[in-house]
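For reference, the chains in residue letters:
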Amino acid sequence: MATYLDGLNERQREAVLHKDGPLMIIAGAGSGKTKVLTTRITHLMAHHHIDAFNILALTFTNKAAAEMKERVEKILGNSEARNLYIGTFHSVFARILRSEAPKLGFPSNFTIYDTDDAKSVVKTVINELHLDDKHYKPNQVYNRISSAKNALVGPAEYMNDYGLQQEDARTNRPMIGQIYDAYSKRCFKNGAMDFDDLLFKMYILLKNFPESLHKFQHKFKYIMIDEYQDTNTAQYEIVKLLGAMHENVCVVGDDAQSIYSFRGATIENILQFENDYDDVKVVKLEQNYRSTKNILKVANEIIGNNKGQIEKKLFTDNSEGDKIKLVRTMTDNDEGKMVADAIQENKLRNHYFNQDFAILYRTNAQSRSFEEALRRMGIAYRIYGGTSFYQRKEVKDLLSYLRVVVNPRDEEALKRIINYPARGIGKTTIDKAILFANEQNLSMWDVLCNAAMYGFRSGTLEVIDDFVTMVKMFQSELDKKNAYDIANMVGKNTNLVKELFNDKTTEGLARYENVQELLNSIKEFTETPSNEEDGEVGDKSLGAYLQQIVLLTDADQGDQENTDVVKLMTIHAAKGLEFPVVFVGGLEETLFPNAMSINTREELEEERRLFYVAITRAKTKLYLSYSNARYRFGQLQQNDPSRFIEEIPEQHLDKSYAGASARNNATSPGLRGNAFERMSKGFPSSNQAAQYSRPGANPEPTKPAYAIPARPQLKEHTPSENFEASDTSNLQAGQKVEHQKFGFGVVAKMEGAAHNPIATINFENNGEKKIMLNYAKLRIIAE
DNA sequence: GATTATATGGTTTTT
DNA sequence: CCATATAATC
């Protein structure tokens, strides 16, 4: 048998070797899910000689897709993997729709609206229907439209559905259906699809065009779906259609990690998979290779409070590990300090690097206090998520020009750039143009092209004509120049780049750099050879570029220069990742579980799954923290500890841990005992309220920003001249070693899993330390 | 019509 | 606290 099968356990192997027919892999956290998926793809190709062109693998993030592709490539050792169709639902469907769009009446170069664009269209439409946007909040309306699409409910069906109408009547928003209808029509007129359309229209395509359905059914003989528990109705139905011919559908998921119901995901998809096909093979991966026993036990305990799960019990052969550290702080700023101190301490004491730490939180807004603390301590970090590079104003401005060049019907982009840089086409002119366009059922661009017909003032007419001429000039270059050259030309001719260049403020400089980075990214796109698909040459046009990048998130930005950084992200963003040391912050009522999600059992259970996801990201160390009060909307707000904390068995908790700041707090006047002791004995919150309720009062007694943690003094060791890290894979107790920082010592004991061995070493000058061999540099001196 | 000052109101999670 | 929307002023 092929060597790539060697590293698999029995269950994993069973899944990999299953060739034809539906397969469901229930993969617990850290059970080697990606490994199984990639090995299975490899096996199909290498052993069964399935053509890469016939394999489709769908993921939820670009990162997951890239990783899969890379790993298959690595095992295979040739470039065949490039021909695999691996990508996110959205990007794969966007690619397919690009070639099939004309069937649906859309241009191939259709624009993909990001959430901001889409909300802006919703707002326009609301106003045009003479509805009050204070009552019909664009945000909420958009969410409702989004849910409808994800449930495959079109505008007509929406307006005719009794239940939906009742619901909207009850909230006093009876016109949402009409807004939805107008929104769809406007998007169509603009030649644009939003994120949800990429699924919705894909479904329409397969449903209404049998020849298309047949074509793709035939092409995708083997289908694999990652994170199946997070699929929504649209995705579910598409997969069903695509897989109907061969029924070689393999889904991988974990019902315990379903955390996207707000995006329309229905956990039913995975719970019911066995009923969807005959003879479904089910494989459960229950051995966890990631976490310590302590971490896993807590995770199991937590998730056990949910009901209605697919039965499974995760276990691990890994070591017991430390107890979970639970820390309470007074404010969110203290929480930040505590975490930063703990990171510093772990780096010194246990020889960790920045990259070994992740700070996870429920909401993006929580990143602030962690950032500040890390910056103060001089610890390099990076925030994942939040606004993506492509959403930044200056970047989006240039992109909007390019969008207009590629698809002049794109009204959102047009409105954005028509007067930027200022050229004298103001609000009145724009409103007028849109009004004419709506009356004549034309696009705004059409009106501008024939501006003379609509009675603009002569001065205005002139600037409009200049603008139109310029855009047309760009368009005429589309076929002659590559994407990068066009982008460059646009940047120059519009003075956009120059304007930013002349801004010498720090922010201006950053903006200029961002635009340069955008140009670089376009250049890179044009120059990277793409995989050929079924003989089609990879599409390197500007249109293809634009469609591709909207689907990129911040996390997909290629890993930059500095990779040794502490990572900060929401728990959602952390799904699928793992880190040696994990901090989960903000374990407070109203925050986590979030106040928005405690009204039904379902919501609460999803929050709990989210907590489960957070815990199971940790390999060796897990810190949980919560704060007595935190700033929200600029004001200090009190919160009770999260109910999830009570669900953790006492014997797995270490409540004594406190970083420097927390210790400082414990000595605050009038407080006795450590934080948790006070809290758990029915801590009188009224006391605290009195202390903190005055807005504007500084809640913290002034503390030095650089509180030095009281940690054991490290006797620095200068490595010997011939110091060189040895291969420690066979390190035994009794051997004498030299450590870069801790000096000379003797190995007392070996423990930990094979892939993550931990040595306990007695150092001459620094006492006993636990050293993780994966990270430490040790020189073996003698046995 | 453009630039600047003030008000308002909003936070869950994301492709 | 922050970002965006509206008002006020040039």
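Every value quoted in this text rests on a predicted model; they were computed, and no experiment measured them. (Residues numbered from 1 in each chain as written. Chains lettered and ligands numbered in written order. Predicted model: local features only at pLDDT ≥ 70, side-chain atom pairs only at ≥ 80, totals over all residues. Heavy atoms only, no water.)

Section: the protein's contact with DNA strand B
Phase 1 of the analysis: Taken together, 26 residues are adjacent to DNA strand B, and Arg362, Thr428, Thr553, Thr570 and Phe633 come closest.
Phase 2 of the analysis: Sugar plus phosphate, as a fraction of atoms of DNA strand B within 4 Å of the protein: 49%.
Phase 3 of the analysis: Here His90 contributes a side-chain N or O atom positioned 2.9 Å from a base oxygen of DNA strand B.
Phase 4 of the analysis: Contact distances for DNA strand B include 3.3 Å between a phosphate oxygen and a side-chain N or O atom of Asn139.
Phase 5 of the analysis: A breakdown of the residues in the surface near DNA strand B according to their chemical character gives 7 nonpolar, 16 polar and 3 charged. (Near = heavy atom within 4 Å. Polar contact = N/O pair within 3.5 Å; in protein donor to acceptor, adjacent residues only side chain to side chain. Nonpolar A, V, L, I, M, F, W, Y, C, P; charged D, E, K, R; others polar.)

Regarding the sheet that holds strand β8 (residues 281–285)
Hydrogen bonds between backbone groups are what pair the strands of a sheet, and the pairing can be parallel or antiparallel.
Phase 1 of the analysis: Overall, parallel pairing links the 6 strands, which are arranged β3-β2-β6-β7-β1-β8 in an open sheet. At either end of the open sheet lies a strand with only one pairing partner, and these are β3 (85–88) and β8. Recorded for the sheet is a direction-independent mean angle of 15° between the axes of neighbouring strands.
Phase 2 of the analysis: As paired strands, strand β1 (residues 23–27) and strand β7 (residues 249–253) are joined by 4 bridges and run parallel to one another. Bridging across to β7, Met24 finds its partner in Val251.
Phase 3 of the analysis: Here helix α2 (residues 33–46) sits on the sheet in contact with β1, β2 (55–59), β3, β6 (222–225), β7 and β8, set at roughly 170° to β6.
Phase 4 of the analysis: Strands β2, β3 and β6 of the sheet are contacted by helix α4 (residues 89–100), whose axis makes an angle of about 120° with β3. (Pairing = 2+ DSSP bridges. Helix = DSSP H or I, 4+ residues; strand = E, 2+ residues; numbered from the N terminus. Axes fitted to C-alpha atoms, helices over the stretch in contact; angles between N-to-C directions. Contact = heavy atoms within 4.5 Å.)

Topic: the environment of Tyr657
Phase 1 of the analysis: Here Tyr657 is to be found in the loop between β19 (653–654) and α30 (660–666).
Phase 2 of the analysis: On a C-alpha basis, the gap between Tyr657 and Val327 in space is 6.6 Å, while along the polypeptide they are 330 residues apart.
Phase 3 of the analysis: If we ignore the near neighbours within four places in the chain, the residues touching Tyr657 are Lys325, Leu326, Val327, Met338, Ala342, Glu345 and Tyr623.

A short note on the UniProt feature "domain: UvrD-like helicase ATP-binding" (unreviewed entry) in chain A
Phase 1 of the analysis: UniProt tags residues 6–292 as "domain: UvrD-like helicase ATP-binding" (unreviewed entry).
Phase 2 of the analysis: Annotated as residues 6–292, this span is 52% helix and 13% strand, and its ends, taken at the C-alpha atoms, are 24 Å apart. (UniProt positions renumbered as here; feature names shortened; annotations may be inferred.)

Side note on helix α20 (residues 427–440)
Phase 1 of the analysis: When the terminal C-alpha atoms of α20 are compared, their 20 Å separation across 14 residues agrees well with the 20 Å that a helix rising 1.5 Å per residue should span.
Phase 2 of the analysis: Immediately beyond the C-terminal end of α20, within one or two residues, lies Asn441, with a positive phi of roughly 55°. (Expected span 1.5 Å × (residues − 1).)

A closer look at unusual backbone geometry
Phase 1 of the analysis: Looking along the chain, the bond that leaves Tyr420 and enters Pro421 is cis, with omega of -5°.
Phase 2 of the analysis: In this structure, Pro421 sits in the loop between α19 (411–417) and α20.
Phase 3 of the analysis: In this structure, the amide linkage connecting Phe592 to the following residue, Pro593, adopts the cis form with an omega of 10°.
Phase 4 of the analysis: Position of Pro593 among the secondary structure elements: in the loop between β15 (579–584) and α28 (601–615).

Section: the confidence of the model for chain A
Phase 1 of the analysis: Mean pLDDT for chain A: 84, with 85% of residues reaching 70 or above.
Phase 2 of the analysis: Element-level pLDDT for chain A is lowest in helix α32 (residues 685–692), with a mean of 26, against a maximum mean of 97 in β15.
Phase 3 of the analysis: In the predicted structure, residues 532–537 sits below a pLDDT of 50 and forms 7 contacts with residues beyond four places in sequence or in another chain.
Phase 4 of the analysis: Predicted confidence for residues 660–716 stays below pLDDT 50, and this span has 72 contacts to residues more than four positions away or in other chains. (pLDDT = per-residue confidence, 0-100.)

Examining the side chain of Asn294
Phase 1 of the analysis: Its place among the elements puts Asn294 in helix α15 (residues 293–303).
Phase 2 of the analysis: What makes Asn294 buried here is its relative accessible area of 5%.
Phase 3 of the analysis: Here Gly321 takes part through its backbone oxygen, which lies 3.0 Å from a polar atom of the side chain of Asn294.
Phase 4 of the analysis: When neighbours within four sequence positions are excluded, Asn294 is seen to be in contact with Glu320, Gly321, Asp322, Lys323, Ile324 and His652. (Buried < 20%, exposed > 50% of the residue type's maximum accessible area, 1.4 Å probe, protein only.)

What about the sheet that holds β15?
Phase 1 of the analysis: With parallel pairing, 7 strands are arranged side by side in an open sheet as β13-β14-β12-β15-β16-β11-β19. In this open sheet, the two strands that pair with only one neighbour each are β13 (381–383) and β19.
Phase 2 of the analysis: In this structure, strand β11 (residues 324–329) lies alongside strand β16 (residues 618–627), joined through 5 bridges in parallel fashion. Bridging across to β16, Val327 finds its partner in Ser625.

Some details on the packing of aromatic side chains
Phase 1 of the analysis: Counted under the stated rule, the structure contains 21 aromatic pairs.
Phase 2 of the analysis: By the ring-pair criterion, three or more aromatic residues cluster together here, those being Tyr352, Phe357, Phe583 and Tyr623.
Phase 3 of the analysis: The residue whose ring lies beneath Arg263 is Tyr260, and the NZ or CZ to ring-centre distance is 4.6 Å. (Phe/Tyr/Trp six-rings, centres within 6.5 Å; stacked < 30°, edge-to-face > 60°. Lys NZ or Arg CZ within 6 Å of the ring centre and 35° of its normal.)

Here's the deal with the pattern of salt bridges
Between side chains of opposite charge, a pair can form when the charged atoms approach closely.
Phase 1 of the analysis: Per the stated rule, a full pass over the model turns up 49 salt bridges.
Phase 2 of the analysis: Here Asp410 makes a salt bridge to Arg403, at a shortest N to O gap of 2.7 Å. We note that Asp410, like Arg403, is buried.
Phase 3 of the analysis: Between Arg630 and Glu588 there is a salt bridge, with its nearest N and O atoms 2.6 Å apart. Note that Arg630 is positioned in strand β17 (residues 629–632) and Glu588 in the loop between β15 and α28, a separation of 42 residues in sequence. Judged on exposure class, the residue Arg630 and its partner Glu588 are both buried.
Phase 4 of the analysis: One network of salt bridges, in which partners are shared, links Lys33, Asp226, Glu227, Asp230 and Lys575. (Salt bridge = Lys/Arg side-chain N within 4 Å of Asp/Glu carboxyl O.)

Here we look at the pairing of β15
Phase 1 of the analysis: For β15, the buried fraction is high: 6 of the 6 residues fall into the buried class.
Phase 2 of the analysis: Taken together, the 4 bridges between strand β12 (residues 357–361) and β15 define a ladder with parallel strand orientation. Note on β15: the bridge partner recorded for Phe357 is Val581.
Phase 3 of the analysis: Pairing geometry for β15 and β16, over 5 bridges, is parallel. Counted as the bridge partner of Phe579 is Ala618 from β16.
Phase 4 of the analysis: Viewed along the sheet, the connection from β15 through α28 into β16 turns out right-handed. (Right-handed = clockwise from strand over helix to strand, strands pointing away.)

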